[in-house]
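# Residue-level structural notes
Spelled out from the first residue to the last, the chains are:
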Amino acid sequence: MALATFWFILTAVLWTGFFVLEGFDLGVGMLHTVVARDEAGRRAVINTIGPLWDGNEVWLIVAAAAMFAAFPAWYATMFSGFYLALVVLLVALIVRGVSFEFRGKIDSVRWRRTWDTLLTLGSFFVPLLTGIALGDLLHGVPIGQNEEFAGSFADLFPAYSVFTGITLVLLCLLHGATFITLKTTDQVRRRASLLARRLAPLTALAVLAFLPWTHSTAGKGVLPSIVQLMAVLAVLAATWLVVSGHEGWAFTATTFAMATSVLSLFVDLYPRVMVSSTDPAFSLTVNNSASGAYALKVMSVVAIVLFPVVLAYQGWTYHVFRRRVSSAQFQTAPEQQPGAGPGSSASGE
Amino acid sequence: MSQLDLARLQFAMTSIYHFLFVPVTIGLSSLTALLQTAWHRTGQGDYLRLTRFFGTLMVISIAVGVVTGLVQEFQFGMDWSAYSRTVGDVFGAPLAMEGLAAFFLESTFLGLWLFGWDRLPKRLHLATIWAVAAGGTLSAAFIMAANSWMQHPVGYALDASTGRPQLDDVWALFTNPVFLRGYLHVLLASLVTGAVVMLAVSAWQLRKGAAPDAFGASARLALVVLVPTLLLAMLVGSELGVTEGTYQPMKIAGAEAQWTTCQPCSFSLFQVGGGNNDQTPTKIIAVPHLLSLLATNHWNGKVLGLDQIQSQYRQQFGAGSYVPNIFVQYWSMRVMAYLAVLVLVVGLWGLWAIRRRTLALSHWFQRAAVWVVVLPFLMNTAGWLLTENGRQPWIVQGLQLTRDGVSPSVGTTTVAISILVFLVLYAALAVVAGVLMTRHARGGLAPGPAAADSPVPSLSY
């Protein structure tokens, strides 16, 4: 296999990993005021992703860095072309990132309300805008012969791309709701479960529309790819498992639904990386945008050595924080609270 | 202003801002790790309370540092797409490695540290804070390797068909003499920054008379780290000057506003006037031989003048001016160096107070130690101005001019909107983070658990 293709796969995996992992904490960010009505409940919900979200977001950073290193032309054209949309995305990421840290630092209702709102908005715009951006890659934007973006701001929002954004927001919402159901207790858990039941059919419909639209936009005909078939199965299974109340399996299914939906876009994109709507001949491809063989080889070695290590310790983190978080833990004395159940000082082995 | 000016302004603004938080993070994470290690070794409750107290400051700093770092990563593509397209083959590699090797490490283990107090065995939990410190230290290595390549490009060959640099020796990036000294200098400067922050907060608390034993201990730790790291930072910085002088003679000549070649060369403490349009400023108190020593490590070393380098470069690279902004060059060097001396004086004063056992009593020292906290931030900023302004007009020394690196598809208005957005957002962030850190720093220690072996509750959001 050519190294450029290997890096395309790795980039697709990084984006998929970002949506699978950050996907549920974006959902948690959007839903935390909906599933929890009081402060103790909200803190419980936010603390389910407390130790995880930062590490999840690194998947986006590394995805962008991988594009820069392996496909400089792709990174250059996309990031300069999507300029203003990326400014909004950055604002959303910044506001969301600091709101976790800041909201609990001052004990005032107004202060927390402000950060709750910013957390919700930030968590909404991140999947919407990254979804639109991924949609744009496949749908195509005006790119000239010189590989430069030649369109306007409005060219970034064709119907297909906007729908991709909406689909990803819905997937994040459902993924977040199944996550909260799995990680909380009592009332919060019940509300999240109820919400997931309502979101599941809607998300399934969106994904079922998104997949053929993706396929036809890419000009790949009517027969779905294997990944798309898996996405159909995953989202239907997710709906059934959510409705029948299998919490663990439901979260597994939304994980698969997210992964296969995002991957199916990249499968249809290959071997192009960014389609030109001006002329297909101007499209950026895996081959015409890749770095040289030596750079790709060096980075492949680094990635093959480090990636499993990263997966191991991130996986271990999920194991350490596998317990449910209960709002009862946050009911009294808001200043110093355990983030965990009682008597568990050596559970991480 | 043109798109180029605005793009440069935006990059300067956002990276200076980003680098207010980075050294605090790197410095404080190592110092916090030391405090927790002290707790682990001695079992004294004060060390635990200090660990959590300074750990919270570190976490606020990390939060802002991480999110503003995203802006830096995106900006290469947004504003400098021609640069990214040209050099991504070489420059992108250390950035991708940084993400894989450092960012994952730092943020994953930060989560484990913050939320793992009652979940992990003590020893393992101690390891997580060291992993956070290692992550920050590693990330600086990769980004400095990338930056050093812009100062002194190595390990590449120009592609025959595209004319773009292509990586052909990755080790060269990490053995680049500019990298070796520049990285060490940044690490030491970060430790200095972290130590000064810790010293200032401790001094504030000592003045209030709160927990004198605990904050006496953290002030001593800060001072013991501060003085040697500052001395080393000055030494390595001076070596870095010699190295950069070899590859970027404009940078060093500009720092002295030295238009004509000299041997031996004196160093002026101050000058009146001067700049790109005033080649005969009034130099005040010229210290003989000092510039020769700083720039070449030799008593009688020769320093090329700006005029001579300019005519050399014109022959080599064609018409145009290759002289950086001399005013910025001259003063950023002095602000950095003079303020470092000031911090050193306060550091030595503190060590002397420790020896005389008057640290908790000397109000003058405590007052000085609180105010000294602004200095490292000014020094760090001046240091970056010196090194980045001194590279101009090149974006990659000798390979690409800054004006050729800017995005061709981006309009002036677009960049202006973006600057405005980040200006407002960053100002708000600065206020909030500043208020939160000050409130926390003034708040004092939380009560710790009574016995060393009783479980420590986790921090939470």
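Bear in mind the structure is a predicted one, so any value in this text is a computation, not a measurement.

### Things to note about the overall build of chain A
- Within chain A, the regular secondary structure consists of eleven helices and two strands.
- Each helix (α) and strand (β) of chain A, taken in turn from the N terminus, gives the series α-α-α-α-α-α-α-α-α-α-β-β-α.
- In terms of overall size, chain A behaves like a compact globule, its C-alpha atoms giving a radius of gyration of 21 Å where 349 residues would be expected to give roughly 20 Å.
- Here the C-alpha coordinates of chain A stretch approximately 65 × 40 × 40 Å along the principal axes.
- In chain A, which comprises 349 residues, the share counted as buried stands at 60%.
- Long-range contacts, defined here as pairs at least 24 residues apart, represent 78% of the contacts in chain A between residues at least 6 apart.

### Notes on the overall build of chain B
- For chain B, the count of helices and strands is 15 helices and six strands.
- On C-alpha atoms alone, chain B measures out to a radius of gyration of 23 Å, which is about the 23 Å that the 2.2 N^0.38 rule sets for 461 residues.
- When its C-alpha atoms are laid out on the principal axes, chain B stretches across 75 × 50 × 40 Å.
- Out of the 461 residues belonging to chain B, those deemed buried represent 55%.

### Some points on the packing of helix α6 (residues 177-208) of chain B against helix α12 (residues 363-371) of chain B
Residues and elements named next belong to chain B.
- For the pair α6 and α12, the least separation of the axes is 8 Å and the interaxial angle reads 140°. Put simply, α6 runs oblique to α12. In this structure, α6 meets α12 at a crossing whose hand is left-handed. Every residue of α12 that contacts α6 at L199, A200, A203, W204, L206 and R207 is listed here: H363, Q366, A369 and V370.

### Some thoughts on the confidence of the model for chain A
Residue and element names in this part refer to chain A.
- For chain A, per-residue confidence averages 90 on the pLDDT scale, and residues scoring 70 or more make up 95% of the total.
- Across chain A, the element-wise mean pLDDT spans from 90 in helix α2 (residues 39-49) up to 96 in helix α7 (residues 159-183).
- Low confidence marks residues 334-349, where pLDDT is under 50. Its contacts with residues over four positions away, or in another chain, come to 33 contacts.

### Focus on the interface of chain B and chain A
- Contacts between the two partners involve 63 residues from chain B and, on the opposite side, 69 residues from chain A.
- Elements with a contribution of two residues or more to the side of chain B that touches chain A: α2 (45-79), α3 (81-115), β2 (165-167) and α15 (412-443) of chain B.
- Counting residues per element, the side of chain B that touches chain A draws most heavily on α3 of chain B, which supplies 22 residues.
- Residues of the side of chain B that touches chain A, tallied by class, amount to 40 nonpolar, 17 polar and six charged.

### Here we look at the domain arrangement of chain B
Residue and element names in this part refer to chain B.
- Each domain of chain B was delimited in the assignment, giving domain 1 (20-248 + 326-442) and domain 2 (250-323).
- Distance between the C-alpha centres of domain 1 and domain 2: 29 Å.
- Each side of the interface is counted separately: domain 1 has 15 residues, and domain 2 has 16 residues.
- Broken down by secondary-structure element, the contributors of at least two residues to the side of domain 1 that touches domain 2 are α7 (212-247) and α11 (326-355).
- Per-class residue counts for the side of domain 1 that touches domain 2 are seven nonpolar, six polar and two charged.

### Some points on unusual backbone geometry
- The step from Y270 of chain A to P271 of chain A runs through a cis peptide bond, and the omega angle for that step is 5°.
- Residue Q392 of chain B is joined to P393 of chain B through a cis peptide bond whose omega torsion reads 5°.
- Of note, P393 of chain B is situated in the loop between α13 (374-389) and β5 (394-396).
- For I285 of chain B, which is not glycine, the phi dihedral falls at a positive 55°.
- Mapping I285 of chain B onto the fold places it in strand β4 (residues 282-287).
- Phi at R357 of chain B is positive, roughly 60°, even though this residue is not glycine.
- The residue R357 of chain B is located in the loop between α11 and α12 in this model.

### Details of α15 of chain B
- Here α15 of chain B is 32 residues long and its end C-alpha atoms lie 46 Å apart, about the 46 Å a rise of 1.5 Å per residue gives.
- When we look at burial in α15 of chain B, the residues that qualify are T414, V415, S418, F422, L429, A433, L436 and A441 of chain B.
- In this structure, the buried residues of α15 of chain B make contact with α5 (83-103) of chain A together with α1 (3-42), α2 and α6 of chain B.
- Directly beyond the C-terminal end of α15 of chain B, a positive phi value near 90° is found at G444 of chain B.

### Some words on helix α1 (residues 3-35) of chain A
- The end-to-end C-alpha separation of α1 of chain A is 46 Å, in line with the 48 Å expected for 33 residues at 1.5 Å each.
- The largest bend in α1 of chain A amounts to roughly 40° and is located at G29 of chain A.

### Let's talk about the nonpolar core
- Core analysis: the largest hydrophobic core is formed by 279 residues, its most contacted members being A66 of chain A together with L199 of chain B.
- Looking at which domains feed residues into this core, each of domain 1 (20-248 + 326-442) and domain 2 (250-323) of chain B gives three or more.

### With respect to the packing of helix α11 (residues 293-320) of chain A against α3 of chain B
- Close contact between α11 of chain A and α3 of chain B brings their axes to 10 Å; oriented N to C, the two are set at 10°. In terms of their interaxial angle, α11 of chain A and α3 of chain B are classed as roughly parallel. The segment α11 of chain A lies against α3 of chain B, with A295, V298, M299, V302, A303, L306, F307, V310, Y313, Q314, T317 and V320 of chain A engaging D89, A93, A96, M97, L100, A101, F104, T108, G111 and L112 of chain B.
- For the contact of α11 of chain A with α3 of chain B, a count of residues per class yields 17 nonpolar, four polar and one charged.

### Description of the pairing of β4 of chain B
Residues and elements named next belong to chain B.
- Little of β4 sits out of view: just zero of its six residues are buried.
- Judged from the five bridges that link them, strand β3 (residues 267-272) and β4 form a sheet pairing that is antiparallel. Considered in β4, the bridge of F267 is made with V287.

### With respect to the environment of S409 of chain B
Residue and element names in this part refer to chain B.
- Relative to the helices and strands, S409 resides in the loop between α14 (402-405) and α15.
- With 21 C-beta atoms counted inside 10 Å, the residue S409 sits in the buried group.
- Between the alpha carbons of S409 and W331 there is a distance of 35 Å; along the sequence they are 78 residues apart.

### Quick notes on the environment of G274 of chain B
Residue and element names in this part refer to chain B.
- With respect to the element layout, G274 can be found in the loop between β3 and β4.
- Linking G274 and A140, residues 134 residues apart in sequence, is a C-alpha distance of 35 Å.
- For G274, the residues in contact, after removing those within four places along its chain, are A257, P281, I326, F327 and Y330.

### A closer look at the confidence of the model for chain B
- Averaged over all residues, the pLDDT of chain B is 91; the fraction at 70 or higher stands at 98%.
- For this predicted complex, the interface confidence reaches an ipTM of 0.91, while the overall pTM sits at 0.92.

### Quick notes on the environment of Q75 of chain B
Residue and element names in this part refer to chain B.
- Looking at the element boundaries, Q75 is found in helix α2.
- In this structure, the C-alpha to C-alpha distance between Q75 and F11, residues 64 residues apart in sequence, is 7.5 Å.
- Among all residues touching Q75, those that are not within four sequence positions of it are F11 and T14.

How each quantity is defined
Residues numbered from 1 in each chain as written. Chains lettered and ligands numbered in written order. Predicted model: local features only at pLDDT ≥ 70, side-chain atom pairs only at ≥ 80, totals over all residues. Helix = DSSP H or I, 4+ residues; strand = E, 2+ residues; numbered from the N terminus. Rg over C-alpha atoms; globule rule 2.2 N^0.38 Å. Buried ≥ 20, exposed ≤ 12 C-beta atoms within 10 Å, placed from the backbone. Contact = placed C-beta atoms within 7 Å. Axes fitted to C-alpha atoms, helices over the stretch in contact; angles between N-to-C directions. Parallel < 35°, antiparallel > 145°, perpendicular 65-115°, else oblique. Left-handed = near helix turned anticlockwise from the far one by under 90°. pLDDT = per-residue confidence, 0-100. Nonpolar A, V, L, I, M, F, W, Y, C, P; charged D, E, K, R; others polar. Domains from an automatic or database assignment. Expected span 1.5 Å × (residues − 1). Bend = angle between axes of the 7 residues up to and from the residue. Core = buried A, V, L, I, M, F, W, Y, C linked by C-beta atoms within 7 Å. Pairing = 2+ DSSP bridges.

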